[in-house]
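Below are the chains, spelled out letter by letter.
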Amino acid sequence: MKNSEINALNESEIKTRIEAERENLTKLRFAHAISPIENPNRIRESRRLVARLNTFLRAKQLAK
């Protein structure tokens, strides 16, 4: 997800995306613990996306 796409979302949409990505990250971690996943970089990408979403959410909250 690009920064311009994230910036176009409102706060409630960002919160739902954060929850969905956290669930996805948890599933990826469990899958990787059981057997190595095909692309382990997806874990890093998911973690960074959650951080980026949290950053944009905080910026929108401070802008109010």
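Placed above this text is the structure.
Keep in mind that what you see is a predicted model, and the values were worked out from it rather than measured. (Residues numbered from 1 in each chain as written. Predicted model: local features only at pLDDT ≥ 70, side-chain atom pairs only at ≥ 80, totals over all residues. Heavy atoms only, no water.)

Caption draft 1: Examining the overall build of the protein more closely. The secondary structure content of the protein amounts to 3 helices and 0 strands. Counting helices and strands in the order they occur from the N terminus, the protein gives α-α-α. Each principal axis of the C-alpha distribution contributes one length, and for the protein these read about 45 × 15 × 15 Å. Here the protein holds 64 residues, and 25% of them are scored as buried. Nonlocal contacts in the protein, meaning residues at least 24 apart in sequence, comprise 66% of its contacts between residues at least 6 apart. On the protein, roughly 4800 Å² of surface is accessible, and the fraction owed to carbon and sulfur atoms is 50%. (Helix = DSSP H or I, 4+ residues; strand = E, 2+ residues; numbered from the N terminus. Buried < 20%, exposed > 50% of the residue type's maximum accessible area, 1.4 Å probe, protein only. Contact = heavy atoms within 4.5 Å. Areas by Shrake-Rupley, 256 points an atom, 1.4 Å probe, with all protein chains shown as cover.)

Caption draft 2: Local environment of the packing of helix α2 (residues 11-34) against helix α3 (residues 41-63). Here α2 crosses α3 at 160°, and the two axes come no closer than 9 Å. As the angle between them shows, α2 and α3 are arranged roughly antiparallel. α2 and α3 meet at a crossing whose hand is left-handed. Of the residues in α3, those in contact with E11, I14, K15, R17, I18, E21, R22, N24, L25, L28, R29 and H32 of α2 are R42, I43, S46, R47, L49, V50, L53, N54, F56, L57, K60 and Q61. Here the contact of α2 with α3 is composed, by residue class, of 10 nonpolar, 5 polar and 9 charged. (Axes fitted to C-alpha atoms, helices over the stretch in contact; angles between N-to-C directions. Parallel < 35°, antiparallel > 145°, perpendicular 65-115°, else oblique. Left-handed = near helix turned anticlockwise from the far one by under 90°. Nonpolar A, V, L, I, M, F, W, Y, C, P; charged D, E, K, R; others polar.)

Caption draft 3: The side chain of S46, seen in detail. Tracing the backbone through its elements, the reader meets S46 in helix α3. In this view, S46 contacts E21, N24, L25 and L28; residues no more than four positions away in its chain are not counted.

Caption draft 4: Summary view of α3. If you check α3, its first and last C-alpha atoms are 33 Å apart, about what 23 residues at 1.5 Å a residue would give, namely 33 Å. Three or more residues of α3 are buried, namely I43, S46, L49, V50, L53, F56 and L57. (Expected span 1.5 Å × (residues − 1).)

Caption draft 5: Layout of the side chain of E11. Within the element layout of this structure, E11 appears in helix α2. Leave out the neighbours within four places in its chain, and E11 touches L57, K60, Q61 and K64.

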